[in-house]
Number of protein chains: 4
Amino acid sequence: MHKGQGLVNDVFKPKHIKKLTGNTGIGHVRYTTQGANDSDLAQPFTTSYPFGLAMVHNGNVINFRDVARLLHEKYHVLPKTTNDLELIMYTFASELRVKDLDRLSVVDIFDAVETTQELVKGAYATVTIIAGHGLLAFTDPLGIRPLVMGRRDTPDGPVYAFASESTCFDYLDFEFVEDVGPGQAVFIDNDFKVHYKNINALPKAFCVFEQIYFAREDSTIHGRLVARERVRLGKILARKVADAGLKPDMVIDVPSSGYFSASGLAEAIDVPYRRALVKNNHMGRSFIVPTQAGREDVVKKKLNPIRAFVEGKKIAVVDDSIVRGTTSRRIVRLLREAGATEVYFISSAPPIVSPCIYGIDMAMSTELIAANYSEEEICRYIEADKVIYQDLNDLQDLFAEERGHGGSCFACFTGKYPTGEVTHYLRHIQEERQSHRPAKAAASLSAKAPAPTEH
Amino acid sequence: MHKGQGLVNDVFKPKHIKKLTGNTGIGHVRYTTQGANDSDLAQPFTTSYPFGLAMVHNGNVINFRDVARLLHEKYHVLPKTTNDLELIMYTFASELRVKDLDRLSVVDIFDAVETTQELVKGAYATVTIIAGHGLLAFTDPLGIRPLVMGRRDTPDGPVYAFASESTCFDYLDFEFVEDVGPGQAVFIDNDFKVHYKNINALPKAFCVFEQIYFAREDSTIHGRLVARERVRLGKILARKVADAGLKPDMVIDVPSSGYFSASGLAEAIDVPYRRALVKNNHMGRSFIVPTQAGREDVVKKKLNPIRAFVEGKKIAVVDDSIVRGTTSRRIVRLLREAGATEVYFISSAPPIVSPCIYGIDMAMSTELIAANYSEEEICRYIEADKVIYQDLNDLQDLFAEERGHGGSCFACFTGKYPTGEVTHYLRHIQEERQSHRPAKAAASLSAKAPAPTEH
Amino acid sequence: MHKGQGLVNDVFKPKHIKKLTGNTGIGHVRYTTQGANDSDLAQPFTTSYPFGLAMVHNGNVINFRDVARLLHEKYHVLPKTTNDLELIMYTFASELRVKDLDRLSVVDIFDAVETTQELVKGAYATVTIIAGHGLLAFTDPLGIRPLVMGRRDTPDGPVYAFASESTCFDYLDFEFVEDVGPGQAVFIDNDFKVHYKNINALPKAFCVFEQIYFAREDSTIHGRLVARERVRLGKILARKVADAGLKPDMVIDVPSSGYFSASGLAEAIDVPYRRALVKNNHMGRSFIVPTQAGREDVVKKKLNPIRAFVEGKKIAVVDDSIVRGTTSRRIVRLLREAGATEVYFISSAPPIVSPCIYGIDMAMSTELIAANYSEEEICRYIEADKVIYQDLNDLQDLFAEERGHGGSCFACFTGKYPTGEVTHYLRHIQEERQSHRPAKAAASLSAKAPAPTEH
Amino acid sequence: MHKGQGLVNDVFKPKHIKKLTGNTGIGHVRYTTQGANDSDLAQPFTTSYPFGLAMVHNGNVINFRDVARLLHEKYHVLPKTTNDLELIMYTFASELRVKDLDRLSVVDIFDAVETTQELVKGAYATVTIIAGHGLLAFTDPLGIRPLVMGRRDTPDGPVYAFASESTCFDYLDFEFVEDVGPGQAVFIDNDFKVHYKNINALPKAFCVFEQIYFAREDSTIHGRLVARERVRLGKILARKVADAGLKPDMVIDVPSSGYFSASGLAEAIDVPYRRALVKNNHMGRSFIVPTQAGREDVVKKKLNPIRAFVEGKKIAVVDDSIVRGTTSRRIVRLLREAGATEVYFISSAPPIVSPCIYGIDMAMSTELIAANYSEEEICRYIEADKVIYQDLNDLQDLFAEERGHGGSCFACFTGKYPTGEVTHYLRHIQEERQSHRPAKAAASLSAKAPAPTEH
């Protein structure tokens, strides 16, 4: 096992790769926010008993207190960290060890998955090595986070891989086989035989924000190319732009996540698209941004508008979403300072009104501008001439199940969480985040919050 | 003085900034290739005598052996490193110290610049603090590398800055004043009074490769926006595309330097532009790429084609230039594997036939594919259906002096070096590079070199 | 848990200490040889199941292959490392988990210790936290390595500590209670109640080399002060010095482990003791010493003889032991170069003829000079005028059980290993070490080995 | 040039040594206190003009403000750091550059030394490479700090070395030639010819504290072995011990600097010497000791008394000196806790009443216990039964010039500084140190200061 901090290529050197033996491997990349980059939390997590397990996951457990108590009281397990992956791993390990370990069967493994899925609530897409037995992949019953299976044929027969996104199969010359989940388990045994079971499958609730923002544009989800879906999101927005009577001279994107929607919109309203915000790729990731003012300053340093393209024009600027509103405001200001006569801010997502509790680190309710203010107030706050949001119905229509997509989770736009009642958990994370934030920064945030009556 | 390795924001922390006092500062970012990142070579270089000098530069000295000998024999100076900046600094310092140091005048300073420009051959854009006196900027007589002056008005009067590119003035709220050079010196004295002198000015020979590739697209050079010039480079290419009888279904760019030319070409030939190669921004910079095969592999890992956009189409892919041909070949292959029926490779630069000796780290003559092979051979080598190069006359016409550009250096396209006879220096760097390259890699290079008869 | 490389005070900072909560803690210092300082091997080792165990040990397991196989096949455990502590911990954990974990009793714990002691062969003194239950200390059945128990009375009742040496109780204001072992287990439950059990006690075989060299001189072992025992070792040597007809002018020590024996000898033969070899304490520990010649050079750099004290004198130099003979030879040479007329080399240990397999990293049989050569040959090799070894009978008499010492392990002087047949293990470590040693160094060793006929 | 932090062997690796070419080298070890270990201050310091100079020194400049002003105003030099070596180097360099650099003679070099010695006040023993010319050594006019010259004969003729202490010649197989100084300069030219000149020689004032504590015991100073002088210091103390009517049962030393004086005293009063305080050599050097209480705690952790030797005895404990009194008090307490019935604290130095301004980092006047309290008060404060100080007259007699020693500096015992009036400088360092010390620590110091009326 080898772990480290930094980019993958800085951590895993050829000398590490050379040491690898055996026929099964597992890896993980964890994005950590400033200050919390403790390599103890780097995945995989492992346990020596039973068999030797090594597990990775993507997602977020929401009943971790219950699971921790259960592990302690029923299973006599004391996890070493507070990481939710440990909870999943030890729940699974505990269920496994009551089996007949001398004669472990695939049924036993799927049984242990079943109990794990019943006990652990939240979103999780996991892959586990069971030493001496094989490689196991399973998700939560709703299949909230992505997990895909790939395959490559070799002279010795097929080999398999699991990943969060299909795009990595392109790099590795694997072919995409299928999505895993919801509630599904796939086990590749040591003879490379594949075993499937749909265990606790509930109606799928795949994160729609992956489609809008998080997934790579060259990924394929449920058979659909993400880039193309984003072009569609842009095209759909044309109606709302027209309804609002806007006639922009140019459509631009907030680089780089807004590009495909921007080009879709540009085509649909027959207005030229042009890159007019230049991104500075060489900003260090460790830049300390404790205050709202500092964060705006970073936006300025990361993006430079090209005055010659913007000056004297009505600009429609397309971003994937509006979260706190502060970045959006900074972009509007940058464009105005560069001479734009009007600035229309177009969000390819609908208003975000509820925090994500399934692993996308957005913000708390109190920070989400659309959770607290009307569209007009938001428009005034971000100092745009007009704000256009994606229509929630249009979005739900585009990603409707009957169009071939699995069912989607729209919780951040609707507040309806597919895992059921989550009030308790929401209160917990609210408290958690406040206790980790210095009082001063919190004060400065509220000072910066939009005050509708002022505008 | 504070120096370090890594991104600027990782090296310069608020605690360093807080320590700064005084009214003059100087900084430098140095891009180093793998293995040579010795922080002793980080600029500024300083000397305590006379006055305290701190100097930075951009460029490359080509008669460094002569200058080193002169420093040792005539000036009794022993530079600590082999960096060419030290040669410039000590030549200038040595000339300064023969003046009456108790009554140093601006004339004395410009005198020292004059001798320095006469003794030191090559390309250099320099900025120097003369402690207790002021801030000096000067370039080589041809003004090969960029150097711009900015200004900000404050309640206490104007303050000034020098930089390689105007774009940084945007970030700092300075306004662009003018280009410095060729052979010009600007001195800001301690009362913020500005002194100019054209000293050894020869006909300007500004690096045209800055316009094509190296400069940021949002920079303004000689009053022209780089992005717009690149759009023009793309538009001009339309004629050659038409002459070749090509009818692409889509124009795409090699991200991210090819975008503006690609969109210019797309507009001129009325074919849609689309982003179809996705760049992986998270590749570590330290990835070791000792062999040609390895380098191709990196291209594959850095770029992923979007099959759904490319499949079944005739693709015109625009890059800024073709250097060794290996990257171009990999891109063509990627596009074919993604289903493109035809691939036309468009270079917004003309064929590169001679190495740059003025600070752009391109390659040796033996590695430059256009120095050794015909267009047809190159087309076969990179496996394209057609290669279109920018026409040298068109390029020279676009950047002609009468169009408001200063005179340009086209040496990499013509082999005519504006500093005169450089055979000796070219032989030196050829030897230098070969001695630093393992024999095996060299062998693998020649094995990969295009063999016209094979195709 | 916090681990790190370096001195204790460099690894454990006040900020770490402040974070500690709870009423039980455990720590470990591991001395690693050059190149093997992997912090993954730093103790304690932990496992989350059952209960949460954290274990440290001192010693060496000699049937690790058998234990590893047993863990894998019978207990379905896959240790993460090759460290022998993991074998002990998982054997104990595996035995514990078959108990009724809801109602774990002290009897259960002692049962698990019993099986562990039966399965794991070798020397080990261990301390284990059983989370939620208490603190457990136990040793191997022979009590080869030291383990002591201390106690401090507080207003809330007594608290306890275990350590390798009593001297650390002096620093912590604990008082020494008793030695633990052989085969004994002590369990301090969460109410600070102490439970004892003699489990697999065999006749004690405490490492006599701790007495001679390894233990700190201010430690008390079996109620005897180590420093005083070493003075006695020196006094006993007087007889052999007299028998050899030696009349040294001065007794000196090899600093700093030879001091107490040297002063004992000096008193017994009524010759002045003086410090005449000055030790350089500032030598880095990472000095690379791959060859025998290099190792001698280090001795020279570490020790400087004071010529003014040595010149023209017959010197008796006392060291704790002679291992390879090379250090001894270097010391003899240093003293001769400083003008000593005669040099008598006195070893307070008898000839070392067999390697230690219980945790003291001495050398292989092939390297032990006394395993291969006679006293006369050794004397010639180290270039002394006379070599005096401690008499084995005298040593055994001094540390005889009836004198209040527990029984001792004299294996390195006799080749009789108290754990029984160890031929297989000895062959294993011989192979192990040879495979880690470059062929050249091995060759140079043999070249340097004493060639009796030459002298 | 190669610099680094850590022990010499950790910084200078074989790979660095291999790179060395030429016939002259220079090195330096700098001991820095916590927090100030900036490698920018590591010596040698260098300047490229004239010739290339590289200089190291040992000592302390006391008129650095005057020298800095002179460098700036007269010589137009701006040193990069605040290190006093830079002042010496640039004064020397400035004087050198007014010579005819094309025909530099030894007379020119000694001229520049002369002016440097006149301008720079304080203690300094320096060695300088003058590139292309040779190696220069010179001291301040009083020769306060040690500087010795060594020589080794080789087949190609003699080679030379300079060092602070003769002991390093032992390690390098050089032989000691002579002490350098006071005010002397030695120049080894490139033909290995040696040139001497006594330039600004004043009556020698060699630091007597080197003899008592700082120098290594195996060094020879002015032809006398340091260890032997320390034995003499111990013997002289016998008279004062007798006068005080003390009859100790045992003499012990504070390891390791007190050993030779302790053994001298033991012999003189015919009482056994024994090592009874065990030093813990494995304490990290970075242990943070901000408060007086913390410092006492460290003494306890560093030294452990051997109870069995001390218990029930009257102990005379010998240390080199008493500075603040806190360490002494802790040692007395340790001995009492270990059962000593009486503790006599013997200082081989007289009372220290004035701070050293010539490079030994002792303490400020306010911290020196003997500067503020009587012997009786000190005895009560350190809780000894008796304090015996070396008699100043005895010390001065022992190191009198007529005994073959050069003249000595006794300033720390007398307050008479050989460089003349230093009130201004003393006030400066007092302020300097107070500004670097947190207010709280200062408060805690005064709270711990001995309050005579209390006892």
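### Things to note about the environment of Asp218 of chain D
Piece 1. Within the fold, Asp218 of chain D resides in the loop between helix H7 (208-214) and strand E11 (220-221).
Piece 2. The class for Asp218 of chain D is buried, based on a relative accessible area of 5%.
Piece 3. Residues Asp218 of chain D and Asn372 of chain D lie 154 residues apart in sequence; the distance between their C-alpha atoms is 34 Å.
Piece 4. Setting aside residues up to four positions removed in sequence, Asp218 of chain D forms contacts with Val278, Asn304 and Ile306 of chain C together with Thr167, Asp170 and Leu225 of chain D.
Piece 5. Side chain to side chain, Asp218 of chain D and Asn304 of chain C meet in a polar contact 2.6 Å long.
Piece 6. A distance of 2.7 Å separates polar atoms of two side chains, one belonging to Asp218 of chain D and the other to Arg216 of chain D.

### A look at the relation of the copies chain B and chain A
Piece 1. When chain B is fitted onto chain A, the two copies agree to an RMSD of 0.1 Å after a turn of 180 degrees and an axial shift of 0.0 Å. This pairing of chains is accounted for by a two-fold axis.
Piece 2. Most of the interface of chain B is mirrored in chain A: 100% of its interface residues are interface residues there too.

### Concerning the sheet that holds strand E8 (residues 184-189) of chain C
Hydrogen bonding along the main chain pairs the strands of a sheet, whether they run parallel or antiparallel.
All names here are of chain C.
Piece 1. Read across the sheet, six strands follow the order E1-E2-E3-E4-E8-E9 without closing on themselves; strand pairing throughout is antiparallel. Looking at the sheet topology across the chains shown, the edges are occupied by strand E1 (45-47) and strand E9 (194-198). The average undirected angle you get between the axes of adjacent strands in this sheet is 15 degrees.
Piece 2. Here nine bridges tie strand E2 (residues 53-61) to strand E3 (residues 122-130), and the two strands are oriented antiparallel to one another. Residue Val56 lies in a different strand from E3, and its bridge partner there is Val127.
Piece 3. Against the sheet, helix H5 (residues 106-119) engages E3, strand E4 (134-139), E8 and E9, with an angle of about 30 degrees to E4.

### Focus: a nonpolar patch on the surface
Residues and elements named next belong to chain A.
Piece 1. A grouping of Val8, Phe12, Ile17, Leu20 and Val29 is seen on the molecular surface, where their side chains present a nonpolar patch of about 480 Å² in accessible area.
Piece 2. Checked against the element boundaries, Ile17 lands in helix H2 (residues 14-19).
Piece 3. By relative accessible area, which is 48% here, Ile17 ends up partly exposed.

### What to know about the interface of chain B and chain A
Piece 1. With 38 residues of chain B at the interface, the matching set in chain A holds 38 residues.
Piece 2. Taken together, both faces of the contact between chain B and chain A bury some 3,600 Å²; the carbon and sulfur share is 51%.
Piece 3. Ranking the residues of chain B by area buried against chain A places Asn9, Tyr171 and Arg275 of chain B at the top, with a combined share of 18%.
Piece 4. Put simply, chain B and chain A have four salt bridges between them.

### Structural notes on the side chain of Gln184 of chain B
Residues and elements named next belong to chain B.
Piece 1. Looking at where Gln184 falls in the secondary structure, it is placed in strand E8 (residues 184-189).
Piece 2. Residue Gln184 is classed as buried on the basis of its relative accessible area of 10%.
Piece 3. Only 3.0 Å separates the side chain of Gln184 from the backbone nitrogen of Gly181, close enough to count as a polar contact.
Piece 4. For Gln184, the contacting residues outside a window of four places in its chain are Gln117, Ala137, Phe138, Thr139, Asp179, Tyr196, Lys197 and Asn198.

How each quantity is defined
Residues numbered from 1 in each chain as written. Chains lettered and ligands numbered in written order. Predicted model: local features only at pLDDT ≥ 70, side-chain atom pairs only at ≥ 80, totals over all residues. Heavy atoms only, no water. Helix = DSSP H or I, 4+ residues; strand = E, 2+ residues; numbered from the N terminus. Buried < 20%, exposed > 50% of the residue type's maximum accessible area, 1.4 Å probe, protein only. Contact = heavy atoms within 4.5 Å. Polar contact = N/O pair within 3.5 Å; in protein donor to acceptor, adjacent residues only side chain to side chain. Least-squares fit on C-alpha atoms with pLDDT ≥ 70 in both. Pairing = 2+ DSSP bridges. Axes fitted to C-alpha atoms, helices over the stretch in contact; angles between N-to-C directions. Patch = residues over 30% accessible without salt bridge, like charges linked within 9 Å, V, L, I, M, F, W, Y side chains within 5 Å. Areas by Shrake-Rupley, 256 points an atom, 1.4 Å probe, with all protein chains shown as cover. Salt bridge = Lys/Arg side-chain N within 4 Å of Asp/Glu carboxyl O. Buried area = accessible area lost by both parts, 1.4 Å probe.

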